Amino acid sequence: MTVTDLAIVGVGKIARDQHVPAIADGGQFRLAATVSRSGGIEGVDNYDTLEALMEARPEIGVISFCNPPQVRYDGARAALEAGRHVMLEKPPGASLAEVDDLAAIAEAKGLTLYATWHSRHAESVAAAKAWLADKTVARVRVDWKEDVRVWHPGQKWIWEAGGLGVFDPAINAFSILTEILPVPVHVTGAELRFPANCETPIAAEVQFKGPGMTMLADLNFLDEGDPFWTITAETDAGTLTLTQGGAVLSIDSAAPTDWDDVAPGIHGEYPALYARLADLLATNASEVDTRPLTLVADAFMLGRRVTVEAFHE
Ligand code: NAP
């Protein structure tokens, strides 16, 4: 198997928890360098800036951006302009136009741009998609609730414009829905609850419509205890429930209990992302699906804004 040299930009929670182990275990890539303002990873060459990396390491052909969305575009654009393939964490950008621009550059230069949606690789998403394919969906309910203090400790960018607030996790649900539903959905209204001291919402309720169906998403960043990442779809042939962020599937019944002892979180999704990146590189293709980000953008565009109690970590 060919091993491709790759660099990571932004060595934070997701890079350390998921990207670095997935790269090490997958065998398709070698973490050849990092770009980090905070030192990077022991034993891996680190550069303070992307420019310094690209000047010093022309052989590194792939750059994986794991920094927050607000600061990702300039680097991703520079990497593509310099002829490097690019992988983006979710959400792929702080705006839709940014992502369109990156996709156009990648296409013009014949490079791979991979805008990842890790939750689409959760264990039961493919099975849910297959089951729904020939069903008529009447109603969908999304409950995406977690404790921001547990899952995003100290992450100031999430509360700054472009950081999405509660939509940072909720876009994972939207990435699953746009993958599994047999019909397209669009946002029709929303209530967005902004803490008095934050630029992004801490909770939201979003209404959607699709052909013959309605959907409601209840999103909350202040839900203590185990996270509640659940999608329920009522169809003409029964009710599908996806729990644990897409890991566990049940039809017309309680969720299987063999997941009861598995800690909530991300399981097996990042190895699948790097395997997909290897496929895209091998076939000289890109994968950029902005539908989840469009749903979030439309919720911001159509949403009624309500100010709630200030948030202090
Ligand atoms: P994070 O730990 O707060 O930040 C990631 C890293 O990006 C930081 O450690 C820092 O790296 C760099 N960075 C942070 N702020 C920056 C700034 N203002 N300018 C330049 N660089 C900055 O965030 P994260 O949780 O890893 O999330 C990063 C991305 O991954 C987000 O888009 C998020 O939605 C996505 N994601 C996160 C999770 C999760 O569970 N946390 C799960 C899936 C996806 P250096 O110090 O190395 O420069």
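Everything below is about the structure printed above this text.
From a predicted model like this one, the values you see are computed outputs, not experimental measurements. (Residues numbered from 1 in each chain as written. Predicted model: local features only at pLDDT ≥ 70, side-chain atom pairs only at ≥ 80, totals over all residues. Heavy atoms only, no water.)

A. Geometry of the packing of helix α5 (residues 125-132) against helix α7 (residues 167-180). For the pair α5 and α7, the least separation of the axes is 9 Å and the interaxial angle reads 40 degrees. What the angle tells us is that α5 and α7 run oblique. Crossing geometry of α5 relative to α7 is assigned as right-handed. Between α5 and α7, the residues in contact are Val125, Ala128, Lys129 and Leu132 and Ile176, Glu179 and Ile180, respectively. Considered class by class, the residues forming the contact of α5 with α7 number 5 nonpolar, no polar and 2 charged. (Axes fitted to C-alpha atoms, helices over the stretch in contact; angles between N-to-C directions. Helix = DSSP H or I, 4+ residues; strand = E, 2+ residues; numbered from the N terminus. Parallel < 35°, antiparallel > 145°, perpendicular 65-115°, else oblique. Left-handed = near helix turned anticlockwise from the far one by under 90°. Contact = heavy atoms within 4.5 Å. Nonpolar A, V, L, I, M, F, W, Y, C, P; charged D, E, K, R; others polar.)

B. Seen up close, the packing of aromatic side chains. All told, the structure shown has 7 aromatic pairs when counted by the stated rule. Centroid distance Trp151 to Trp229: 5.2 Å. Interplanar angle 65 degrees. Geometry classified as edge-to-face. One end of the pair, Trp151, is in helix α6 (residues 148-151); the other, Trp229, is in strand β11 (residues 228-235), with 78 residues separating them in the sequence. Judged by its relative accessible area of 22%, Trp151 is partly exposed. Relative to Phe311, the ring of Trp159 lies with its centre 4.7 Å away and its plane at 35 degrees, an arrangement referred to as tilted. Residue Trp159 is found in the loop between α6 and α7, and its partner Phe311 is found in the segment after β14 (303-308); the two are separated by 152 residues along the sequence. (Phe/Tyr/Trp six-rings, centres within 6.5 Å; stacked < 30°, edge-to-face > 60°. Buried < 20%, exposed > 50% of the residue type's maximum accessible area, 1.4 Å probe, protein only.)

C. Fine view of the site of the ligand. Residues in close proximity to the ligand total 23 residues, the closest being Ser36, Ser38, Lys90, Gln155 and Asp168. One of the backbone nitrogen or oxygen atoms of Gly12 is found 3.4 Å away from an oxygen atom of the ligand. Within the backbone of Arg37, one N or O atom sits 2.9 Å away from an oxygen atom of the ligand. In isolation the ligand offers 870 Å² of accessible surface; the protein chains occlude 82% of this area. Taken together, the residues that form the shell around the ligand break down as 10 nonpolar, 7 polar and 6 charged. (Near = heavy atom within 4 Å. Polar contact = N/O pair within 3.5 Å; in protein donor to acceptor, adjacent residues only side chain to side chain. Areas by Shrake-Rupley, 256 points an atom, 1.4 Å probe, with all protein chains shown as cover.)

D. Representation of the pattern of salt bridges. Taken as a whole and assessed by the stated rule, the structure comprises 20 salt bridges. Between Arg193 and Glu191 there is a salt bridge, with its nearest N and O atoms 2.9 Å apart. Taking the relative accessible area as the measure of exposure, Glu191 reaches 19% and is therefore buried. Beyond isolated ion pairs, a larger network of salt bridges with shared partners links Arg120, Lys129, Glu179, Asp289 and Arg291. (Salt bridge = Lys/Arg side-chain N within 4 Å of Asp/Glu carboxyl O.)

E. Local environment of the sheet that holds strand β10 (residues 213-220). With mixed pairing, the 8 strands of this open sheet are ordered in space as β13-β12-β11-β7-β10-β9-β8-β14. On the outer flanks of this sheet lie β13 (248-251) and β14, each paired with one strand and no other. Within the sheet, the average angular offset between the axes of one strand and its neighbour, ignoring direction, is 10 degrees. Two strands pair when backbone bridges link them, and strand β8 (residues 186-195) and β14 are joined in this way by 6 bridges, in the parallel orientation. When the bridges of β14 are listed, Glu191 appears paired with Arg304. Packing of α5 onto the sheet brings it into contact with β7 (137-145), β11, β12 (238-243) and β13, and relative to β12 it is tilted by some 165 degrees. Packing of α7 onto the sheet brings it into contact with β7, β8, β9 (203-210), β10, β11 and β12, and relative to β7 it is tilted by some 155 degrees. (Pairing = 2+ DSSP bridges.)

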